[in-house]
Amino acid sequence: MKIVRLTRLVLTLSIWLSAYDFSSQFNQDILEIQNLIKSHNYSLAVEKYEAILLKKPPKNLVLKIHFELSEIYLLNLNNTKRAKKNFEKITKMTDDPSMQVTATEKLSEIN
């Protein structure tokens, strides 16, 4: 079951990140985080994502980071409170219907 969760998380991360061209400022950080997730070092991946958020990245990257944080908290760190908090941030930050639906569905799974 954990392998399925990890695979799902890595695939989701890869799809979301490949859809956007992030500035080189964040590329190295994102690659490092992907490797941390692959090696099951979720706590450090969360720390790195939080550090990126402090650097005020573009909105599209902020949304993707909140989505990834939600997935890590939900699937790997068993912290539904923080997962919910990040999914709620997504619903407040975006007008993109697909992201709204995805975040709302995830919130309903948590509740």
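A short tour of the structure in this document, coming up. The model shown is predicted, which means the values in this text are computed figures rather than measured ones. (Residues numbered from 1 in each chain as written. Predicted model: local features only at pLDDT ≥ 70, side-chain atom pairs only at ≥ 80, totals over all residues. Heavy atoms only, no water.)

Okay, the overall build of the protein chain next. On a plain count of helices and strands, the protein chain comes out with six helices and zero strands. Taken from the N to the C terminus, the helices and strands of the protein chain come in the order α-α-α-α-α-α. Going through the 111 residues of the protein chain one by one, you find that 43% of them count as buried. Restricting to contacts in the protein chain with at least 6 residues of sequence separation, those with at least 24 account for 51%. (Helix = DSSP H or I, 4+ residues; strand = E, 2+ residues; numbered from the N terminus. Buried < 20%, exposed > 50% of the residue type's maximum accessible area, 1.4 Å probe, protein only. Contact = heavy atoms within 4.5 Å.)

Here we take up the packing of helix α4 (residues 59-76) against helix α5 (residues 80-93). Viewed as axis vectors pointing N to C, α4 and α5 meet at an angle of 155°, and their least axial separation amounts to 8 Å. Relative to α5, the element α4 lies roughly antiparallel. Crossing handedness for the pair α4 and α5: left-handed. Contact residues: α4 offers Lys59, Val62, Leu63, His66, Phe67, Leu69, Ser70, Glu71, Tyr73 and Leu74, while α5 offers Thr80, Arg82, Ala83, Asn86, Phe87, Lys89, Ile90 and Met93. (Axes fitted to C-alpha atoms, helices over the stretch in contact; angles between N-to-C directions. Parallel < 35°, antiparallel > 145°, perpendicular 65-115°, else oblique. Left-handed = near helix turned anticlockwise from the far one by under 90°.)

Moving on, we get to the packing of aromatic side chains. By the definition in use, this model includes one aromatic pair. Each ring, one from Phe67 and one from Phe87, has its centre 5.9 Å from the other, and the planes form 75°; the classification is edge-to-face. With Phe67 in helix α4 and Phe87 in helix α5, this residue pair connects regions lying 20 residues apart in the sequence. For the pair Phe67 and Phe87, a shared accessibility class is recorded, and that class is buried. (Phe/Tyr/Trp six-rings, centres within 6.5 Å; stacked < 30°, edge-to-face > 60°.)

What follows deals with unusual backbone geometry. Trans is the common state for peptide bonds, and a negative phi is the common state for residues other than glycine. The phi angle at His40 is positive, at roughly 65°, despite the residue not being glycine. Mapped onto the elements, His40 comes out in the loop between α2 (24-38) and α3 (42-54). Despite not being glycine, Lys56 has its phi angle at roughly 55°, a positive value. Assignment of secondary structure puts Lys56 in the loop between α3 and α4.

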